[in-house]
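# Examining the three-dimensional arrangement
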Amino acid sequence: MKTWKPVLTGELAAAASFAGREVSARLSVPSRVEEAAAATRAQTAFPRSAGWAPYSVAQGYAGLALLWSYLDAISPEEAWDVTAREHLELAVHDVEAHSNLPAGLFSGLSGMAFSAWQLSRQGTRYRRLLSALDGEIAPQVISLANSLLGQHGVSVSDFDVISGLSGIGAYLLCRRHEPGADAALASVVQALIDLGGEVDGVPRWHTPVHRLWDEEQQKLYPHGDLNCGLAHGIPGPLAFLSLACQAGLESPGLPESIARLAGWLCRNRLDDSWGVNWPTATPLVERDGRLEAPPAASTAELTSRCAWCYGSPGVARALWLAGEALDCNEYRDLALSAMEAVFRRPIPERRIDSPTFCHGVAGLLQITLRFAHDTGLAVFQEQSLVLVRQILGCYRPESLLGFRNIETPSSETDQPGLLDGAPGVALVLLAAATSVEPTWDRLFLLS
């Protein structure tokens, strides 16, 4: 385990650590977790996306196991691994009650496998579980990867971090020396390299209109789009391929693919009054019966929020990883400029009111922490303190879990899930205040 220098000291470190551990104590009791899950179902304005799924890492016990794995690494004498085992068993029992679960990272088997790997102490524990999960994941992944070869136009769920190959690849990178997992990993790399190509100037990874999520998206992008978010767009494959390259994987065309995807993001930025930025997506247009992909600056309506899922922070991290993989200052410098623009933007204009991870302040803080440790620049240290204070200002000790997910100005939930709830906040506060590297953020393709 690498030494991770905490950015917080003194009273602020104590406050962050206290809040993180207080949230953890509440979440360690399954009955409290179930109570919060039921409360969320009653409170949410988005019932289709707020369901509790015990097997999942996004909104289930597999995600909580990730929190316990980090606490176990921080304080091995406190027996958090016992809590982790109990919660992981609840997740496994839920898997056994389902059939044909997908392989995806945040709502499928790869997420549970990632949590088990984080708890395994470099593969010395949970061997049977990991082997069984790999046996389920690998055939699915190879089949999906092979089906994407030569495709022109795909669903984001085929390649993104949340459900697709980039997220699954994040787990497989941890298992790259295991029989079976290595072949699946190679198939993911090959498929994403292929998907990074173009046909008549249009990237293969574009989303045709009939594969967009809903009618609202189809009206907004009547000819399809090119998604620019780390969670669902091309920064995910870029981050994954860059990490694979840094890990020493060799595949024909890998460096060229990284350069191609990073170059596309460099050309399709959409700056605003605060500096470098990107849109949520770039619309495709149709001219003379043919699809075209004009630059974002000439087509995009609005820039995005400043979050992990969409906006400059996630894109900047992907570009930084590409710069590290290829030793390219152009990508690294643009990443730093994008983050500086985020910090110049007034907090109300960042559009991340919730303290949570996916589209909230915790996600921005974790990215900032990574840049602080990678660069040593004072701006990231300073802004980390600002963000920690912003999160602590949302602490509500009288609430069920301490931190609430702010869905809309009129809707807050007691969300026990990692992606949109209190566990993600606790993980990031602990990462800011402790000296153990938060390797759990590989889940978000940040390291």
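Criteria and thresholds
- Residues numbered from 1 in each chain as written.
- Predicted model: local features only at pLDDT ≥ 70, side-chain atom pairs only at ≥ 80, totals over all residues.
- Heavy atoms only, no water.
- Helix = DSSP H or I, 4+ residues; strand = E, 2+ residues; numbered from the N terminus.
- Rg over C-alpha atoms; globule rule 2.2 N^0.38 Å.
- Buried < 20%, exposed > 50% of the residue type's maximum accessible area, 1.4 Å probe, protein only.
- Contact = heavy atoms within 4.5 Å.
- Areas by Shrake-Rupley, 256 points an atom, 1.4 Å probe, with all protein chains shown as cover.
- Lys, Arg positive; Asp, Glu negative; His and termini not counted.
- Charge placed at Lys NZ, Arg CZ, Asp CG, Glu CD.
- Phe/Tyr/Trp six-rings, centres within 6.5 Å; stacked < 30°, edge-to-face > 60°.
- Expected span 1.5 Å × (residues − 1).
- Axes fitted to C-alpha atoms, helices over the stretch in contact; angles between N-to-C directions.
- Parallel < 35°, antiparallel > 145°, perpendicular 65-115°, else oblique.
- Left-handed = near helix turned anticlockwise from the far one by under 90°.
- Nonpolar A, V, L, I, M, F, W, Y, C, P; charged D, E, K, R; others polar.
- Pairing = 2+ DSSP bridges.
- Core = buried A, V, L, I, M, F, W, Y, C linked by side-chain atoms within 4.5 Å.
- Salt bridge = Lys/Arg side-chain N within 4 Å of Asp/Glu carboxyl O.

### With respect to the overall build of the protein
Within the protein, the regular secondary structure consists of 17 helices and eight strands. Here the protein has a C-alpha radius of gyration of 21 Å; the compact-globule value for 447 residues is 22 Å, and the two agree. Taken over the C-alpha atoms alone, the protein extends approximately 65 × 50 × 45 Å along its principal axes. Every one of the 447 residues in the protein was classed for burial, and the buried ones make up 62%. Residue pairs in contact within the protein that sit at least 24 positions apart in sequence constitute 71% of those at least 6 positions apart. When the accessible surface of the protein is totalled, it reaches about 17,200 Å², and 49% of it is carbon and sulfur. Both charge centroids of the protein, one from 34 positive and one from 49 negative side chains, sit 3 Å from each other.

### Some words on the packing of aromatic side chains
One pass over the structure, following the stated rule, counts 15 aromatic pairs. When the centroid spacing of 5.4 Å and the interplanar angle of 85° are considered together, the rings of Trp52 and Tyr61 count as edge-to-face. Neither residue differs from the other here; Trp52 and Tyr61 are each classed as buried. Aromatic side chains Trp308 and Phe444 sit 5.1 Å apart centroid to centroid with 90° between the ring planes, which places their arrangement in the edge-to-face category. Here Trp308 is found in the loop between strand E6 (290-292) and helix H13 (312-326), whereas its partner Phe444 is found in the segment after helix H17 (422-433), with 136 residues between them in sequence.

### Details of the side chain of Thr83
Turning to its location among the elements, Thr83 is positioned in helix H4 (residues 80-96). Given a relative accessible area of 14%, Thr83 falls into the buried group. Thr83 has contacts with Ser28 and Trp68, leaving out every residue within four places of it along the chain.

### Some points on helix H9 (residues 181-195)
Spanning 15 residues, H9 covers 21 Å between terminal C-alpha atoms, matching the ideal 21 Å at 1.5 Å per step. When H9 is considered as a whole, its buried residues turn out to be Ala181, Ala184, Leu185, Ser187, Val188, Val189, Ala191, Leu192, Ile193 and Leu195. Close packing links the buried residues of H9 with helix H6 (127-148), helix H7 (156-159), helix H8 (165-174), helix H11 (235-246) and helix H12 (254-267).

### Some thoughts on the packing of helix H1 (residues 10-27) against helix H3 (residues 61-74)
Close contact between H1 and H3 brings their axes to 11 Å; oriented N to C, the two are set at 125°. By the angle class used here, H1 and H3 are oblique. Viewed along their axes, H1 and H3 form a crossing whose handedness is left-handed. Mapping the contact onto sequence places Arg21, Ser24 and Leu27 in H1 and Leu64, Leu67, Trp68, Leu71 and Ile74 in H3. When the residues that make up the contact of H1 with H3 are grouped by side-chain class, the tally is six nonpolar, one polar and one charged.

### As for the packing of H13 against helix H15 (residues 361-375)
At their nearest, the axes of H13 and H15 sit 10 Å apart, and the two run at 30° to each other. One finds that H13 runs roughly parallel with respect to H15. Our pair here, H13 against H15, has a crossing hand that is left-handed. For the pair formed by H13 and H15, the contact residues are Pro313, Gly314, Ala316, Arg317 and Trp320 on the first element and Leu364, Ile367, Arg370, Phe371, Asp374 and Thr375 on the second.

### Looking at the pairing of strand E7 (residues 405-408)
The pairing of E7 with strand E8 (residues 411-413) spans three bridges and is antiparallel. Note on E8: the bridge partner recorded for Ile406 is Glu412. In this antiparallel pair of consecutive strands, E7 and E8, the connection spans two residues.

### A short note on the environment of Asp94
By secondary structure assignment, the location of Asp94 is in helix H4. Since its relative accessible area comes to 14%, Asp94 is described here as buried. Taking the C-alpha atoms as reference, Asp94 lies 5.5 Å from Tyr55; in sequence the two are 39 residues apart. The residues contacting Asp94, other than those within four sequence positions of it, are Ala53, Pro54 and Tyr55.

### Observations regarding the nonpolar core
Among the nonpolar cores identified, the biggest contains 159 residues, and Phe106, Phe240, Trp308, Leu319 and Phe403 are the most heavily contacted of them. Apart from the residues lying within four places of it in its own chain, the contact partners of Phe240 are Ser166, Gly169, Ala170, Leu173, Leu185, Val188, Val189, Leu192 and Leu445.

### Focus: H6
Helical geometry note: an α-helix holds 3.6 residues per turn, so side chains three or four residues apart project in the same direction. Taking 1.5 Å as the rise per residue, H6 with 22 residues should run 32 Å; its terminal C-alpha atoms sit 31 Å apart, in good agreement. The secondary structure elements touched by the buried residues of H6 are H4, helix H5 (109-119), H7, H8 and H9.

### Some points on the pattern of salt bridges
Counted according to the given criterion, the structure contains 17 salt bridges. The salt bridge involving Arg290 is made with Asp200; its shortest N-O contact spans 3.9 Å. Note that Arg290 is positioned in strand E6 and Asp200 in the loop between strand E1 (198-199) and strand E2 (202-203), a separation of 90 residues in sequence. The partner of Arg345 in a salt bridge is Asp272, and the shortest N-O contact between them spans 2.4 Å.

### Some details on the environment of Ile347
Its place among the elements puts Ile347 in the loop between helix H14 (329-344) and H15. You can call Ile347 partly exposed: its relative accessible area is 36%.

### Digging into the environment of Arg267
Locating Arg267 in the fold gives a position in helix H12. Here Arg267 falls in the exposed class, since its relative accessible area comes to 55%. Along the chain, Arg267 and Gly424 lie 157 residues apart, while their C-alpha atoms are 33 Å from each other.

### Brief notes about unusual backbone geometry
The phi angle at Arg121 is positive, at roughly 55°, despite the residue not being glycine. Judged by its relative accessible area of 40%, Arg121 falls in the partly exposed class. For Asp200, which is not glycine, the phi torsion reads 55° and is therefore positive.

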